[in-house]
Amino acid sequence: MMVYVGTYAKPDAESIFAYRLNEETGALTRVLAVKGGENPSFLTLDADRKFLYAVNETTEYEGQKSGAVSAFAIDQKTGDLTFLNRQPSLGGAPCYISLDHKNKVALVANYMGGNVSAFPVQSDGRLGASSDIGQHQGKGPRPQQDAAHAHCIIPDPNNQFALAVDLGIDQIISYKLDNQNGKLERQAQPAFKAQPGAGPRHLTFHPTNKRFAYVINELNATLTTFTYHPATGTLTQIETVSTIPADYTGENACADVHVSADGKFLYGSNRGHNSIVVFAIHPTTNKLTLVEHVSTQGNWPRNFTFSPSGKILLVANQRSHNITTFKVDTQTGKLTYTGNSAPVPSPVYVQVVPVFPETPRP
């Protein structure tokens, strides 16, 4: 299977990489590298795995205060990427991109712009010009919260709302999603107001019970669990727990959050403590029980993901320039380092694609 990696890179450098993953051993073998533009830090794929989309996390694009979003076609035999087009993101430093569940609209969070934008996805995979934008206002109590900083936007399981997580204002904003016209209708009340200074960053839904959701809070190193209300696009807090050991006093900034495919375990990444925290999820109350903290065998872990079987976890360690892999015990949730570390310049995002046969490359 193929693993695509988004990175921080200069405009003319190779910046999107692909590796073959051996799911039995966790070994990674590089097979291609393409010039994906400047800082293609966050990636996503359409449901058919025909197209790959990347944000270009910059603060200026074509003379305006904006980043960009790029579309690529995926060769179904080799996994190679062909550039299709690029659009301005309409906000500085786009850091997150997702697709609605019908692959009709791409949703982008612009960190420095403090806004979210929507882009129609055309039949050939190209992105149309932005069809809507939602601007956030305000600030929080910490220095990093000097303004709104949208950090994540995803559609809810029913494709009715898009939830935008804003680190700068400690809020999760709810938008009614019109994927036919690429429109975002902001709801009168936020989906949730976090504790001041929490700095919510990424959100994910429970894969089997869609009524549960989880947010990792970057600035106070916590994870919050929620009940989701699909009729209103709002969240009710169940509990908030720390992502780091009680005796740890060093720097830490949380990054990513994921639930195992069977819904039994929750994982989060700690930058600074340089670990993955593992929690067991109670099947009825959704409350969390700490399982362990595991070193990522690198520095500053950003995003991470699972292989399709859930047997391998892959971590992008940005500052140590490597991707490390771990065996997952699906019964306990525990992680064991495979000993495999692949060198990658400033990796940010990893995406596993369970297709593409081995093809001899010229």
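Owing to the predicted nature of the structure, the values given are computational and were not obtained by experimental measurement. (Residues numbered from 1 in each chain as written. Predicted model: local features only at pLDDT ≥ 70, side-chain atom pairs only at ≥ 80, totals over all residues. Heavy atoms only, no water.)

**Examining the overall build of the protein chain**
Part 1: Within the protein chain, the regular secondary structure consists of zero helices and 29 strands.
Part 2: The C-alpha radius of gyration of the protein chain comes to 19 Å, within 12% of the 21 Å expected for a compact globule of 362 residues.
Part 3: Looking at the protein chain as a whole, 60% of its 362 residues are labelled buried.
Part 4: A separation of at least 24 residues holds for 49% of the contacts in the protein chain among residues at least 6 apart in sequence.
Part 5: Working note: accessible area of the protein chain is about 14200 Å², and carbon and sulfur atoms make up 48% of it. (Helix = DSSP H or I, 4+ residues; strand = E, 2+ residues; numbered from the N terminus. Rg over C-alpha atoms; globule rule 2.2 N^0.38 Å. Buried < 20%, exposed > 50% of the residue type's maximum accessible area, 1.4 Å probe, protein only. Contact = heavy atoms within 4.5 Å. Areas by Shrake-Rupley, 256 points an atom, 1.4 Å probe, with all protein chains shown as cover.)

**Notes on the sheet that holds strand β1 (residues 2–7)**
Backbone hydrogen bonds hold the strands of a sheet together, and the pairing may be parallel or antiparallel.
Part 1: Read across the open sheet, the four strands follow the order β3-β2-β1-β29; overall the sheet is antiparallel. The sheet terminates laterally at β3 (28–34) and β29 (347–353), the two strands that pair on one side only. Direction aside, the axes of adjacent strands within the sheet are offset by 25° on average. (Pairing = 2+ DSSP bridges. Axes fitted to C-alpha atoms, helices over the stretch in contact; angles between N-to-C directions.)

**Quick look at the sheet that holds strand β28 (residues 335–343)**
Part 1: Strand order in the open sheet formed by four strands is β25-β26-β27-β28, and the pairing between neighbours is antiparallel. At either margin of the open sheet sits one strand with a lone partner, and together these are β25 (301–306) and β28. On average, adjacent strands in this sheet sit at an angle of 20° to one another, irrespective of strand direction.
Part 2: Pairing of β25 with strand β26 (residues 312–317), which is carried by four bridges, proceeds in the antiparallel orientation. Paired with T305 across the bridge in β26 is L314.

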